[in-house]
Every structure is written in structure tokens, then in C-alpha cells.
Amino acid sequence: MSIARRLVSSSGGGTVEPFRFQITVSAGQTYGLPLFSVGGTQPNIIVDWGDTSESTITNVNDSNKFHTYSSGGTYTVSILGSLPGFRVDNDIYKTLYTSILDWGNVGLRSLNFYGCVNITSIPNATSGLGRVTQWNNTFRGTSITSIPSGLFDFSTSAYEFVDTFSFTKITSVPNNLFDACTGASSFASTFNACTSLVSVPTELFRYNTNVINFSSTFRNNRALTNIPTFQYNQNVSIFLNIFNMSSTNNGSSSWGNVEELWTRSPEPLGINAFNNCTGATNYASIPFNWK
């Protein structure tokens with residue numbers, strides 16, 4: 001009996017919401033779960049490896065987190081229980097991941113698929129993401145081309161989005177993406193090196209009034225044709241490199257009312273904020289110390 005069917009039965013018919021993803025392995029290949037403790041909290045999970053095998057894991061160093069597949073193929077890995085942290089962090093198994101199927105409801109607080117180049121899409125948000133506080137490196141280096149609208153709608157306690165989508169293939173950003181994340185303090189490198197990103201919503205950061213760091217947020221976005229307003233983000237002290245190398249070749253780019261950034265008192269750190277942004281129509285008016 002699968003873990004899902006067994007737990008539904010033992011809980012009196014309650015809803016089971018496993019965290020599920022797919023990996024593709026060769027015959028005899030070993031795969032290891034990227035378990036991570038958050039605030040000292042250890043995992044307490046049951047894993048269905050997708051090949052009729054199951055394991056119980058109660059510690060990030062548990063040897064049961066490794067599994068060897070006798071036959072090659074694509075397998076769906078399902079995790080139930082308490083899983084505080086799941087962080088690939090560019091590890092040796094990163095190329096095995098091919099799909100994220102369901103976020104489930106396992107108490108995730110920190111997760112990333114950093115370096116998983118074979119992942120091309122993200123599932124829609126669920127309440128199972130409600131405890132995530134740091135979205136650092138979550139989709140960095142994946143091959144996603146779009147972001148689901150409302151991805152962070154349940155992440156009301158999230159405060160960091162460092163490198164969340166950097167080095168991906170996204171072409172646009174959904175409206176209202178960060179509206180629920182009113183406590184966010186850092187968007188450093190969030191969209192860094194998204195070289196296919198063409199447009200962003202004008203009021204993308206409207207409700208993020210507690211942000212202090214926009215360092216390299218849109219750095220090296222060479223296809224970018226517009227930028228968001230920062231009029232609602234008056235607590236920002238760092239705009240370092242925010243658009244460095246962005247829109248170097250697009251002469252029709254409009255940068256909006258950027259003048260208000262360097263006229264603030266005190267003036268935020270803006271070194272290289274617009275470095276090489278020669279495609280901006282108002283590039284000449286940007287102060288020397290901001291480019």
C-alpha cells in the first residue's frame with residue numbers, strides 16, 4: 001500500500017498532500033534527498049521513491065535519505081510528514097530533477113532547486129508554501145520560462161528573495177507577484193541575469209514598503225524595456241548595481257521617473273546602478289556616481 005493510501009486510512013480519511021517531484025536516473029544510480037534543518041528542526045518524513053520502495057527519515061544526516069534505483073527511468077518521489085528544509089543548492093544530483101509536481105503541505109520553510117537545469121516549469125502556489133520565509137536561490141539556474149501568477153500569495157511571512165529567479169529564462173513578471181509579501185526586506189539579485197526578461201509591472205513593489213536592499217535586482221537584464229517604480233520603497237538604502245548592464249542595446253527603453261532615486265535624503269547607495277545602461281533614453285541625465 002502506498003504511503004498516501006496508508007496515511008489516509010490511518011487518519012480516518014483525511015486529506016493527504018505530499019510534496020512531489022520527478023527525477024530521471026540511470027540503472028544503478030543513487031540519489032540523495034537535499035534535506036536541511038531550519039532553526040534546528042529536523043525532518044520527520046516518509047518517502048515513497050516511486051519504485052515501490054519507502055523510507056522513514058528523521059534526521060538530515062539519516063542514511064535513509066539515499067536511494068539506489070535498480071532500473072533507469074523517470075520516477076515520482078513523494079514526501080509526507082514534516083519537511084522544514086529542502087535545498088538542492090547546486091549539488092551533484094541537480095541534473096536529475098525534471099519536474100516539480102506538487103508543493104504539498106509538509107511544513108516547508110526553506111527550499112530551492114538551485115542549478116536544476118532540467119526543470120522548465122513551476123506549479124501553482126498552495127497553502128503548503130505559507131511557512132516559507134526565505135525564497136533565496138529557489139529557482140536559480142533552472143530553465144523556467146514563466147512564473148505562475150500568485151506564486152507568493154501564501155508567503156505572507158517571507159522576508160528575503162535573494163537570487164530567487166536569477167539566471168532563468170523568464171520573459172516577463174506577473175502583476176501583483178509580491179503583493180502579499182509586505183515584510184520583504186531584500187530583493188537582492190532576484191532577477192539577476194534574466195537575459196530574456198523584457199518587461200516588468202510598473203507597480204511590482206507597491207506593497208513592499210519595508211525593503212532596504214535592491215542590490216543587483218535586475219542586473220544584466222539586457223532585453224529589459226521598462227523598470228518598476230520605487231516611489232513606495234522609501235526605506236531602501238541600497239540600489240547598488242540594480243540595473244547594471246541592463247538594456248545596453250535597446251534605444252527605446254524607458255526608465256520612468258528614476259530621478260527621484262538620487263534626490264532622496266539621505267541619498268541611497270547607487271554605485272553602478274545604471275552602469276552601461278546606454279540604451280535608456282534618459283541615460284545622459286543620470287548622475288555619474290549612479291552609472
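I will try to describe carefully the structure that is included in this document. Treat the numbers as computed from the prediction; the structure is a model and nothing was measured. (Residues numbered from 1 in each chain as written. Predicted model: local features only at pLDDT ≥ 70, side-chain atom pairs only at ≥ 80, totals over all residues. Heavy atoms only, no water.)

1. Quick word on the side chain of Ser216
Next up, step 1: Its place among the elements puts Ser216 in the loop between β10 (110-112) and α2 (259-262).
Next up, step 2: Once residues within four sequence positions are removed from consideration, Ser216 is found in contact with Ser189, Asn192, Leu240, Asn241 and Ile242. (Helix = DSSP H or I, 4+ residues; strand = E, 2+ residues; numbered from the N terminus. Contact = heavy atoms within 4.5 Å.)

2. Quick notes on the sheet that holds strand β1 (residues 19-25)
Next up, step 1: Spatially, the five strands line up as an open sheet ordered β5-β4-β7-β1-β9, and their pairing is antiparallel. Pairing within the sheet leaves two strands with one partner each, and these edge strands are β5 (54-57) and β9 (97-102). Strand-to-strand twist in this sheet, taken as the mean axis angle between neighbours without regard to direction, amounts to 20°.
Next up, step 2: Judged from the seven bridges that link them, β1 and strand β7 (residues 73-82) form a sheet pairing that is antiparallel. (Pairing = 2+ DSSP bridges. Axes fitted to C-alpha atoms, helices over the stretch in contact; angles between N-to-C directions.)

3. Looking at the nonpolar core
Next up, step 1: Of all hydrophobic cores here, the largest spans 74 residues; its most connected members are Tyr31, Phe86, Tyr97, Phe113, Phe165 and Phe191.
Next up, step 2: Taken together, the elements giving at least two residues each to this core come down to β1, β4 (44-48), β7, β9 and α2.
Next up, step 3: Top contributing element to this core by residue count: β1, with four residues.
Next up, step 4: Beyond its immediate sequence surroundings of up to four residues, Phe165 is in contact with Ile122, Phe139, Ile144, Ile147, Leu151, Phe152, Ile170, Leu177, Thr190, Phe191 and Cys194. (Core = buried A, V, L, I, M, F, W, Y, C linked by side-chain atoms within 4.5 Å. Buried < 20%, exposed > 50% of the residue type's maximum accessible area, 1.4 Å probe, protein only.)

4. Brief notes about the packing of aromatic side chains
Next up, step 1: Under the counting rule described, the total for this entry stands at 41 aromatic pairs.
Next up, step 2: Ring geometry for Phe19 and Phe21: centres 5.5 Å apart, planes at 55°, overall tilted. Across the pair, Phe21 and Phe19 agree in class, each one buried.
Next up, step 3: Arranged with centres 5.9 Å apart and planes meeting at 10°, the rings of Phe178 and Phe205 form a pair that is stacked. With a gap of 27 residues between them, Phe178 in the loop between β10 and α2 and Phe205 in the loop between β10 and α2 connect regions that are remote in the sequence. The exposure classification of Phe178 matches that of Phe205, with both residues buried.
Next up, step 4: Over the face of the ring belonging to Phe36 we find Arg87, whose NZ or CZ atom lies 3.7 Å from the ring centre.
Next up, step 5: The residue whose ring lies beneath Lys291 is Tyr283, and the NZ or CZ to ring-centre distance is 4.3 Å. (Phe/Tyr/Trp six-rings, centres within 6.5 Å; stacked < 30°, edge-to-face > 60°. Lys NZ or Arg CZ within 6 Å of the ring centre and 35° of its normal.)

5. Describing the pattern of salt bridges
Next up, step 1: Enumeration according to the criterion identifies five salt bridges in this entry.
Next up, step 2: Glu260 is the salt-bridge partner of Arg264, the closest N and O atoms lying 2.9 Å from each other.
Next up, step 3: Given the relative accessible area of 11%, Arg264 is considered buried. (Salt bridge = Lys/Arg side-chain N within 4 Å of Asp/Glu carboxyl O.)

6. Some remarks on the sheet that holds strand β8 (residues 85-87)
Next up, step 1: With mixed pairing, the three strands of this open sheet are ordered in space as β3-β8-β10. Looking at strand neighbours, the two that pair on one side only are β3 (35-36) and β10, the edges of this open sheet.
Next up, step 2: Two strands pair when backbone bridges link them, and β3 and β8 are joined in this way by two bridges, in the antiparallel orientation. Opposite Phe36, over in β8, you have Gly85 as the bridge partner.

7. Some details on the side chain of Thr190
Next up, step 1: Positionally, Thr190 belongs in the loop between β10 and α2.
Next up, step 2: Looking at Thr190, the relative accessible area reads 0%, which means it is buried.
Next up, step 3: Once you skip the residues sitting within four places of it in the chain, Thr190 turns out to touch Phe161, Asp163, Thr164, Phe165, Ser166, Phe178 and Thr217.

8. Describing the environment of Arg206
Next up, step 1: Checked against the element boundaries, Arg206 lands in the loop between β10 and α2.
Next up, step 2: As a C-alpha pair, Arg206 and Asn276 span 70 residues in sequence and 27 Å in three-dimensional space.
Next up, step 3: Within the structure, the side chain of Arg206 is placed 3.1 Å from the side chain of Glu203, a separation counted as a polar contact. (Polar contact = N/O pair within 3.5 Å; in protein donor to acceptor, adjacent residues only side chain to side chain.)

9. Some details on the pairing of β1
Next up, step 1: On β1, burial follows the alternation: Phe19, Phe21, Ile23 and Val25 on one face are buried, whereas Arg20, Gln22 and Thr24 on the facing-out side are not.
Next up, step 2: Pairing between β1 and β9: four bridges, direction antiparallel. Bridging from a neighbouring strand, Ile23 pairs with Tyr97 of β9.

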